Each structure stands twice: as C-alpha cells, then as structure tokens.
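# An overview of the molecular structure
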Amino acid sequence: MGYRVVVAGATGNVGREMLNILAEREFPVDEIAVLASRRSIGTEVSFGDKTLKTKDIETFDFTGWDIALFAIGSGPTKEYAPRAAAAGCVVIDNSSLYRYDPDVPLIVPEVNAEAIHGYSKKNIIANPNCSTAQMVVALKPIHDRAKIKRVVVSTYQSVSGTGKAAIDELWNQTKGLYVPGQEVAPEVYPKQIAFNVIPHIDVFLDSGDTKEEWKMAAETKKILDPAIKVTATCVRVPVFVGHSESINIETEDFLDWEEATDILREAPGILVVDKREPGGYVTPIECVGEYATYVSRIRQDATIENGLNLWCVSDNLRKGAALNAVQIAEVLGNRVLKKG
Ligand code: 2RA
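In this convention, every chain numbers its residues from 1, walking through the sequence in written order. Per-residue local features are limited, in this predicted model, to residues with pLDDT of at least 70; the limit for side-chain atom pairs, both in listing and counting, is 80 or more; totals at the level of whole chains, interfaces and linings are taken over all residues. For side-chain calculations, the full set of non-hydrogen atoms in the structure is used, while hydrogens and water are omitted.

### Re the overall build of the protein
Across its full length, the protein holds 9 helices and 14 strands. The reference for a compact globule is 2.2 Å times residues^0.38; the radius of gyration itself is calculated from the C-alpha atoms. Relative to its length of 340 residues, the protein is compact, with a C-alpha radius of gyration of 20 Å against a globular reference of 20 Å. For the protein, the spread of C-alpha atoms along the principal axes amounts to about 60 × 55 × 40 Å. Taking all 340 residues of the protein together, the buried fraction comes to 52%. Here, two residues are considered to be in contact whenever any of their heavy atoms come within 4.5 Å of each other. Partitioning the intrachain contacts of the protein with sequence separation of at least 6 by distance along the chain shows that 67% fall at a separation of at least 24. Methods summary: accessible areas were calculated by the Shrake-Rupley approach with a probe of 1.4 Å, and residue burial reflects only the protein chains presented. Accessible surface computed for the protein: about 15000 Å², of which carbon and sulfur atoms make up 51%. Under the convention used here, Asp and Glu are negative, Lys and Arg are positive, and both His and the chain ends fall outside the count. To locate a charge, take atom NZ for lysine, CZ for arginine, CG for aspartate or CD for glutamate. Each charge class in the protein was averaged separately, 37 positive and 46 negative side chains, and the resulting centres sit 3 Å apart. Each helix is a run of DSSP H or I of at least 4 residues and each strand a run of E of at least 2, with the numbering of both proceeding from the N terminus. Throughout, exposure labels follow a simple rule: accessible area from a 1.4 Å probe, protein chains only, divided by the maximum for the residue type, with under 20% read as buried, over 50% as exposed, and the rest as partly exposed.

### A word on the nonpolar core
Side-chain atoms within 4.5 Å are what join buried Ala, Val, Leu, Ile, Met, Phe, Trp, Tyr and Cys residues into a set we call a nonpolar core. Phe62, Phe70, Val151, Ile247 and Leu310 are the most contacted members of the largest nonpolar core, which totals 57 residues. Here this core spans two domains, since at least three of its residues come from each of domain 1 (3–128 + 321–337) and domain 2 (131–315). Ranked by size, the runner-up nonpolar core spans 35 residues in total, among them Tyr3, Met18, Ile125 and Ala322. An automatic or database domain assignment is the source of the domain bounds shown.

### Observations regarding helix 2 (residues 74–86)
The span you would expect from a helix comes to 1.5 Å times its residue count less one. With 13 residues, helix 2 should reach 18 Å at 1.5 Å per residue; the first-to-last C-alpha distance of 18 Å fits that figure. Three or more residues of helix 2 are buried, namely Thr77, Tyr80, Ala81, Ala84 and Ala85. Residues of helix 2 that are buried in the fold lie against strand 6 (67–70), strand 7 (90–93) and strand 8 (124–126). The positive-phi residue at the C-terminal boundary of helix 2 is Gly88, with phi of around 95°.

### Thoughts on the side chain of His143
Looking at the element boundaries, His143 is found in helix 4 (residues 130–146). When its relative accessible area of 11% is taken as the criterion, His143 is described as buried.

### Comments concerning helix 4
For helix 4, spanning 17 residues, the distance from its first C-alpha to its last is 25 Å, which sits close to the expected 24 Å at 1.5 Å a residue. Given a residue, its bend is the angle between the two axes fitted to the seven residues that end at it and to the seven that start from it. The principal kink in helix 4, of about 35°, is found at Leu139, preceding the proline Pro141 by one to four residues. Counting buried positions over the 17 residues of helix 4 gives 14, a clear majority of the element. Lys147 sits one or two residues past helix 4 and shows a positive phi near 55°.

### Notes on the domain arrangement of the protein
Bring the parts together and some accessible area is lost; that lost area is often taken as the interface size. Segmenting the protein into domains produces domain 1 (3–128 + 321–337) and domain 2 (131–315). On a C-alpha basis, the centres of domain 1 and domain 2 stand 25 Å from each other. Domain 1 puts 18 residues into the contact, and the matching count from domain 2 is 19 residues. Using a 1.4 Å probe, buried area is obtained as the accessible area two parts lose upon being combined, added over both of them. Carbon and sulfur atoms supply 63% of the area that domain 1 and domain 2 bury against each other, a total of about 1500 Å² over both sides. Of all residues in domain 1, Tyr100, Glu110 and Val111 bury the most surface against domain 2, accounting for 38% of the area lost on that side. Any carboxyl oxygen of Asp or Glu within 4 Å of a side-chain nitrogen of Lys or Arg constitutes a salt bridge here. Scanning the region where domain 1 abuts domain 2 turns up 1 salt bridge. Linking Glu219 and Arg99 is a salt bridge whose minimum nitrogen-to-oxygen distance equals 3.3 Å. A 3.5 Å cut-off defines polar contacts: any pair of N or O atoms within that distance qualifies, except that in protein one atom must be a possible hydrogen donor and the other a possible acceptor, and neighbouring residues in sequence count only when both atoms are side-chain atoms. If you look at where domain 1 meets domain 2, you find 6 residue pairs in polar contact (both at pLDDT 80 or more). The set of elements that each furnish at least two residues to the side of domain 1 that touches domain 2 consists of helix 1 (13–24) and helix 3 (109–112). Gly is placed with the polar residues, together with every amino acid not listed as nonpolar (Ala, Val, Leu, Ile, Met, Phe, Trp, Tyr, Cys and Pro) or charged (Asp, Glu, Lys and Arg). Here the residues of the side of domain 1 that touches domain 2 sort into 10 nonpolar, 3 polar and 5 charged.

### Focus: the packing of aromatic side chains
Each pair of aromatic rings taken from Phe, Tyr and Trp, with Trp reduced to its six-membered ring, is defined by centres within 6.5 Å and is described as stacked if the planes are under 30 degrees apart, edge-to-face if over 60, and tilted in the remaining cases. Applying the stated rule across the entire model yields 8 aromatic pairs. The interplanar angle of 50° and the centroid separation of 5.6 Å between the aromatic rings of Phe60 and Trp65 together place this pair among those described as tilted. Comparing Phe60 with Trp65 shows no difference in burial state: the two are buried. Measuring from centroid to centroid gives 6.4 Å for Trp171 and Phe240, while their planes differ by 50°, and the two rings are tilted. Here Phe240 lies in the loop between strand 10 (229–236) and strand 11 (243–251) and Trp171 lies in helix 5 (residues 164–176), a separation of 69 residues in the sequence. Note on Phe240: relative accessible area 35%, which makes it partly exposed. Put simply, the rings of Phe60, Phe62, Trp65 and Phe70 pair up and form one aromatic cluster. Lysine NZ or arginine CZ positioned within 6 Å of the ring centre and within 35 degrees of the ring normal marks a charge as sitting over the ring. The ring of Trp257 carries the charged tip of Arg276 above its face, separated from the ring centre by 3.7 Å.

Next comes the structure, spelled out in structure tokens:
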C-alpha cells in the first residue's frame, strides 16, 4: 500500500522535476493529483509513462490525500498550504514562506532528517533555498568532524533559479547579440545576463545584503548549527541549470585537506571529483539532471589556522528543490507515516 500524493505547481520547472523524481525513485504512489492555477488547468504533465491533466488548486479538496509537494511560490502557498494541512495532508513546501517558522521543520535529509518529527505542529515541512541545500550537504561531514565556526561563500547561480522567463531571457538575449536588430533588452534582470554576471539575487536588505544572502545564513543555522557564522555573496550567472559555490570554511579543530577529502567521499549525497589537473573538477553543465552534490577543488586555506576551501556544484532544480522535497517525502513515509 502506498500514498495518495499531490503535486501543486505541476506545470512549473520545479513541479515537473518533482513528478520526474517521484517516478525515477519509484516513490510508493497509489494515486497522484497534479494541480495548477486556474490559467493552467488541463495542461498535460508527465509522470513516468503516464500523462496527467492538471486540476484547479482553487477547488481541490485535500481530504484523504497523504502528502502534497508544493511548488507554487509564497503567495499561493499562504492560501493553500494551511487548507491542505488542515485537511490532514502533510505539505512539503518549496517556497520560503515557512522556512523560518519555529513550528515548521526545515529539512535536508542528509543533514537533519531527525527534524522530521516536528512536522505535526502545523502538518507542514519546509524545503530550503536551493543555494542552501547543496551547501549544507557539503558542510555537514566537515562540521561533524571539525566543528565549523565560519563560512564565507560566493555563489554562481543559474537563471533557472528565477524561472522559465529568465531561461528564455538568457537564450533570446544571447541569440540577439549575434543577430543585428534582434537585441533583447533586460526585463527579468536589471542588467544584461548574457555574457555577464549580476551580483544581486532577491531583494536588497537594509544591511546591504540581499535576501538570498540572508537566507543562506539563516537557513544554515536552522538546518545545521545556529552557532555557525555565514557570510554570502550571491551572483547570477549566464548558466541555464546548475548552481556553483566557492566555499571557504573555518573550523574549531584542524582538518587536513586530504582527510577532508576522504570524509566528503564517504558522506551521503556527495560525489567528490577532485584531480589537480585541467578538467579535474565539476562544472554546472555536468550536474544537470543528476542527484549528487558535487565537490571539487578541496584544499587547505593556509591564511588561517584551521581553514579549507572547496567548490560545490549541484542541479538547483533537483537537490536544490525537487529532489530534496521528494527525499523529505521518503523520510516522512519511512519514519512517520509508514504506509509504503
Ligand atoms: C534563485 N535561490 O536561485 C533562488 C530561488 N530559487 O533564484
């Protein structure tokens, strides 16, 4: 016996990946419903070898459904997540709405799966920001071995993190540069993204940080350890899918880079690709469609007593969103609901 599963936001990039990954991992689904906004009702989406038609989330009754994966943004989530939760359906939400709520667990299964037991306070579980998810997977084994004090991270985030319109903008803007008269002015982003980088993701805060940078700090503290100091600079780059991160780590105890490499090789969710030669590292193009959090360029930071540098790459639509959400559903099923 399996679960009655709902995917809300099934026509978006993340929603479609949720369906792909539920099928790929053969999540025990007895019945599935795919929901979209009124303007997308009837849109066909794939679930394994099946084709499903989306239903209207506004009129959908969540009663009798076990798990709902939400990828509809904070606004609609505010309206529909409480409705699903009140109907007894556990919501796993990819928006930022509930991530910082003390009554809602924020989970990366390789890091804090045990937090799943906190779901029952609101019947809601939060999925972290994509740039946080891959980073805490890489930090967790190092923290367990040498206790991380401080993290300095620079991100190189793909346009799919913004959504389909951003993917189209990068594609059309790049093409337009080669075809006189077909130049495409910035619309999704404040400046040209083709052959450029933009040091700004989400809104600016009074501190001068962006909200994306604030999220990486706040979420790392909630998921891994509130004592860890994190400072981030989040940058948008002309890549379609795959976030990359340059991570500098200061630890309480000394950890030799070779021991760190061995520890990372053994850690869940991580693939180490690290040869000190041309091409001996992972680039975003190679992570697309994969589950792994890739780690390369592992080396000592000799400028401080206990420092390490590493390069981390992962598919932001998968580990950064849809895969992590499905993995949370697997933990919920195996440890709590126990139907599958
Ligand atoms: C981004 N992390 O990359 C944000 C939201 N997915 O745009």
